[in-house]
2 protein chains.
Amino acid sequence: MPHRSKPLSDPLFNKIALIGIGLIGSSLARVVRREKLAGHIAISTRSAATLKRAEELRLGDSYFVDPGDAVRGADLIIISVPVGSSGEVAQAIAPALKPGAILTDVGSTKRSVIAQVEPHVPEGVHFIPGHPLAGTEKSGPDAGFADLFENRWCIFTPLPGTDTEALERLSEFWRRCGSNIDTMDAEHHDMVLAIVSHLPHIIAYNIVGTADDLQAVTKTEVIKYSASGFRDFTRLAASDPTMWRDVCLHNRDAILEMLARFSEDLSSLQRAIRWGDGDKLFDLFTRTRAIRRSIIEAGQEIDAPDFGRQAVEHPQGLDQVKKS
Amino acid sequence: MPHRSKPLSDPLFNKIALIGIGLIGSSLARVVRREKLAGHIAISTRSAATLKRAEELRLGDSYFVDPGDAVRGADLIIISVPVGSSGEVAQAIAPALKPGAILTDVGSTKRSVIAQVEPHVPEGVHFIPGHPLAGTEKSGPDAGFADLFENRWCIFTPLPGTDTEALERLSEFWRRCGSNIDTMDAEHHDMVLAIVSHLPHIIAYNIVGTADDLQAVTKTEVIKYSASGFRDFTRLAASDPTMWRDVCLHNRDAILEMLARFSEDLSSLQRAIRWGDGDKLFDLFTRTRAIRRSIIEAGQEIDAPDFGRQAVEHPQGLDQVKKS
């Protein structure tokens, strides 16, 4: 952790500008308010209806359709839009950015965001690409909540020569949002995310699509009997389509690499099923069990059976579920 | 629903024999006790250690390593073992089955179980293959709970000439366990389950295996960052390896058919990513969203974001999560 050249004052920032007010942006607005991380929250989003909704929810202190108006005088600017729109936003806000301001984003791909944003960043503005690994299958300003980042990781992919004080100030911001901080290069980030996030979403979308297309099994049957496994995939497959289209288009190489490995492994598994190789199946099915245990131990998953759904359906049984 | 030839008395059965006392068997034991569905619960399992554990948990009234001893005098026998062991169990209990008794099972594949069990069933015993679509990723007698079957479907695949009174008595049993009843032929069952349950488990096992094999991304990274999607797959991939090996070996044809369709669709999706076909991606990602909504409306999934994990982690926020 870098040496702090001066103590970090409260609030951390005089004015924060949130560009995009969907699940992530609106969760940030809520936690910034709760933790008093900024003196003023300016909000901008392209859609007038969404901006109005953000205002009804009292998520900020000022509201703008033009992102350039929102960032004026801000000392922290967070871009929370589908990654394919990053360049456009950067271009729109660049002339209004204050010297010394920190500019960051929350995009799920980092090489592409850097390529889109960096050319527009004025001298004296600290651009620090970031990615909080947090989200749900819901989207829009109503879906956000202040606890979203609690105990989740926020990854920075700083460019060479990044100002250490700015990086520390941004890290402190995310820590106060509840997150743990990691730093890596953008290329490695994109590879890691391809396997832990992008491939799972693509596979989930694909299997739900396959089921939807069947004729021998009706859609009603798929829905009725989904609790036997299928429904687990539908959560990721209900994620925001625009966000995920952009992720697929902007992390293409790493995703194609992971898809190739997945398909190769699936062919091998398919062959074991066709030829009745029970030992091979048993070995794989045993090995995969340990990973869930490690994820639970790392505090990234709950131990309650069935994702704890039962606790939500039968709250009176919550104590029992938590114990297990 | 068949006409009831006589009122169903309480308890429904004088003596129930549970062969196998894992997640399903032990959940049955608990709900049978709670709902007073039997005068006596006899339990048998192959492993002496598991049998001892069942006794410590007071799941039954009598305990036997030999399943033949457990079924003597029972008027309902439920086989809850990995499907590959069904024939062996049927052979062992056949000589001790009481005329007029109902013999059923809970196996995830039905054509194979029928082929294994039917040849051993004595004249006068009602064999009714069944499959409660319920379970969690946990296994063993400690993992069971009485609510497991609540609002889940139980599918029967009755053989031609099945006694309607026996079928109605077994249906009433499962209804009192909390389940809804459906009936279909075994071949259709195996096709339906291949898509709603078997393919999802195989895909989950496969993707967790792929992640485990990577070298460019470490296992520590996969675990740390799993909340961004990957962890959803680890639940199914933590299911009982013996059970799932048997399912793969005993529903081979339907599983291979579904795997072929899945892979075909995945190739097409992969091509769209490679060639930057954003519209195609957006269309698929939009279509799949509707299915989750239908599953929630059908009461087979909860509406809380993130499977309601947040409610289990932060019980004080439960009301808020349930509202959303």
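Residues numbered from 1 in each chain as written. Chains lettered and ligands numbered in written order. Predicted model: local features only at pLDDT ≥ 70, side-chain atom pairs only at ≥ 80, totals over all residues.

Some points on the overall build of chain A
Basically, it comes down to this: In this description a helix means any DSSP run of H or I spanning at least four residues, a strand means any run of E spanning at least two, and both kinds are numbered starting from the N terminus. Two things to know: the radius of gyration comes from C-alpha atoms, and the globule rule equals 2.2 Å times the number of residues to the power 0.38. A residue is called partly exposed when the number of other C-beta atoms within 10 Å of its own lies between 12 and 20, exposed at 12 or fewer, and buried at 20 or more, with C-beta atoms placed from the backbone. Contact between two residues is assigned when their C-beta atoms, built from the backbone, lie within 7 Å.
Broken down by element type, chain A carries 14 helices and nine strands. Computed over its C-alpha atoms, the radius of gyration of chain A comes to 22 Å, within 12% of the 20 Å expected for a compact globule of 324 residues. Taken over the C-alpha atoms alone, chain A extends approximately 65 × 45 × 40 Å along its principal axes. Counting only residues that meet the buried cut, chain A has 55% of its 324 residues in that class. Long-range pairs, those at least 24 residues apart, make up 73% of the contacts in chain A between residues at least 6 apart in sequence.

Description of the nonpolar core
Where we set the bar: Residues of type Ala, Val, Leu, Ile, Met, Phe, Trp, Tyr and Cys that are buried and joined through C-beta atoms within 7 Å form what is called a nonpolar core.
Within the largest apolar cluster, 196 residues are counted, with the highest numbers of intra-cluster contacts made by Ile77 of chain A together with Ile77 of chain B. If we ignore the near neighbours within four places in the chain, the residues touching Ile77 of chain A are Ala17, Ile19, Val71, Ile93, Leu97, Ala101 and Leu103 of chain A. In terms of nonpolar packing, the next biggest core, distinct from the first, is built from eight residues, Ile302 and Val312 of chain A together with Ala304 and Ala311 of chain B among them.

Observations concerning the pairing of strand β2 (residues 38–44) of chain B
Residues and elements named next belong to chain B. Under the convention used in this document: A strand pair is defined by DSSP finding two or more bridges across the two strands. The path from the first strand over the helix to the second decides the hand: if it runs clockwise while the strands point away from the viewer, the crossover is right-handed.
Of all seven residues making up β2, five are buried, and the element is well covered by its neighbours. Strand direction decides the pairing type here: strand β1 (residues 13–19) and β2, joined by six bridges, are parallel. Residue pairing for β2: Leu18 is matched across the bridge by Ile43. After leaving β1, the chain enters helix α1 (residues 23–34) and then returns to the sheet as β2, a path that is right-handed. Pairing geometry for β2 and strand β3 (residues 62–64), over three bridges, is parallel. By the bridge assignment, Ser44 is partnered in β3 with Phe64. For the crossover that starts at β2, traverses helix α2 (residues 48–56) and ends in the parallel β3, the hand is right-handed.

Thoughts on the interface of chain A and chain B
Our working rule: Charged means Asp, Glu, Lys or Arg here, nonpolar means Ala, Val, Leu, Ile, Met, Phe, Trp, Tyr, Cys or Pro, and polar covers whatever is left, Gly included.
Facing 99 residues of chain A, the contacting portion of chain B comprises 98 residues. Listing elements by their share of the side of chain A that touches chain B, those giving two or more residues are α7 (186–213), α8 (219–224), α9 (231–236), α10 (241–250), α11 (252–274), α12 (278–297), α13 (309–313) and α14 (318–323) of chain A. Of all the elements, α7 of chain A adds the most residues to the side of chain A that touches chain B, at 19 residues. Residues belonging to the side of chain A that touches chain B are distributed by class as follows: 55 nonpolar, 21 polar and 23 charged.

Some remarks on the relation of the copies chain A and chain B
Our working definition: Least-squares superposition of the copies uses the C-alpha atoms of those residues scoring a pLDDT of at least 70 in each of them.
Here chain A sits on chain B after a turn of 180° about the axis and a move of 0.0 Å along it, with an RMSD of 0.0 Å. These values place the two chain copies in the arrangement generated by a two-fold rotation axis. The residues that chain A uses at the interface reappear at the interface of chain B in 99% of cases, marking a shared surface.

Function-wise, these values are silent; they only describe arrangement.
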